[in-house]
Amino acid sequence: MIVISALLANIIDAGTDALTLAEDMDEATFRRSRLARSEIGRLIGVIATNLADLPDAQRQQFAEIDWAAWSALAPQLQQDGPERDEALWFATRALVPATLMWLRVYKEGAPGLFEFQGG
């Protein structure tokens, strides 16, 4: 059984880490920083994978998340070169912050989804 709270925790942790790494970067610095770009790419991959693993009920419940953009991003993460870098920059500056913001909103309305349940 998929533990929704674990998927959501992975998304939030990876998103927070990616934004922290990119915090003081402009696009040129991001493109020059091979190590940071690689780690940010890994973290964004974690987010995309965990979002894809969420059941349809949560996808419908979290309607404001840009599911189409995350779906389109997944194949771009498998590429190398400028297309991947552009997709990562877009995700870092737009997609990840918006997703984390909406997850905070959803957590206020349905905190039980975000809490691990003993069992």
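Residues numbered from 1 in each chain as written. Predicted model: local features only at pLDDT ≥ 70, side-chain atom pairs only at ≥ 80, totals over all residues. Heavy atoms only, no water.

Caption draft 1: Region of the structure containing the overall build of the protein chain. Tallying secondary structure elements over the protein chain gives six helices and zero strands in all. When its helices and strands are written in sequence order, the protein chain yields α-α-α-α-α-α. What you see for the protein chain is a C-alpha radius of gyration of 14 Å, in line with the 14 Å of a compact globule of 119 residues. Across its three principal directions, the C-alpha atoms of the protein chain cover 45 × 25 × 25 Å. Out of the 119 residues in the protein chain, the part that is buried amounts to 39%. Considering only intrachain contacts with a sequence separation of at least 6, the fraction spanning at least 24 residues in the protein chain is 75%. On the protein chain, roughly 6,800 Å² of surface is accessible, and the fraction owed to carbon and sulfur atoms is 53%. Seen as two clouds, the 10 positive and the 17 negative side-chain charges of the protein chain have centres 5 Å apart. (Helix = DSSP H or I, 4+ residues; strand = E, 2+ residues; numbered from the N terminus. Rg over C-alpha atoms; globule rule 2.2 N^0.38 Å. Buried < 20%, exposed > 50% of the residue type's maximum accessible area, 1.4 Å probe, protein only. Contact = heavy atoms within 4.5 Å. Areas by Shrake-Rupley, 256 points an atom, 1.4 Å probe, with all protein chains shown as cover. Lys, Arg positive; Asp, Glu negative; His and termini not counted. Charge placed at Lys NZ, Arg CZ, Asp CG, Glu CD.)

Caption draft 2: Region of interest: the side chain of Thr92. Position of Thr92 among the secondary structure elements: in helix α6 (residues 82-109). Among the polar contacts made by the side chain of Thr92, one reaches the main-chain carbonyl oxygen of Leu88 at a distance of 2.8 Å. Dropping the residues within four chain positions of it, Thr92 is found in contact with Leu19, Ala22, Ile40, Ile44 and Pro97. (Polar contact = N/O pair within 3.5 Å; in protein donor to acceptor, adjacent residues only side chain to side chain.)

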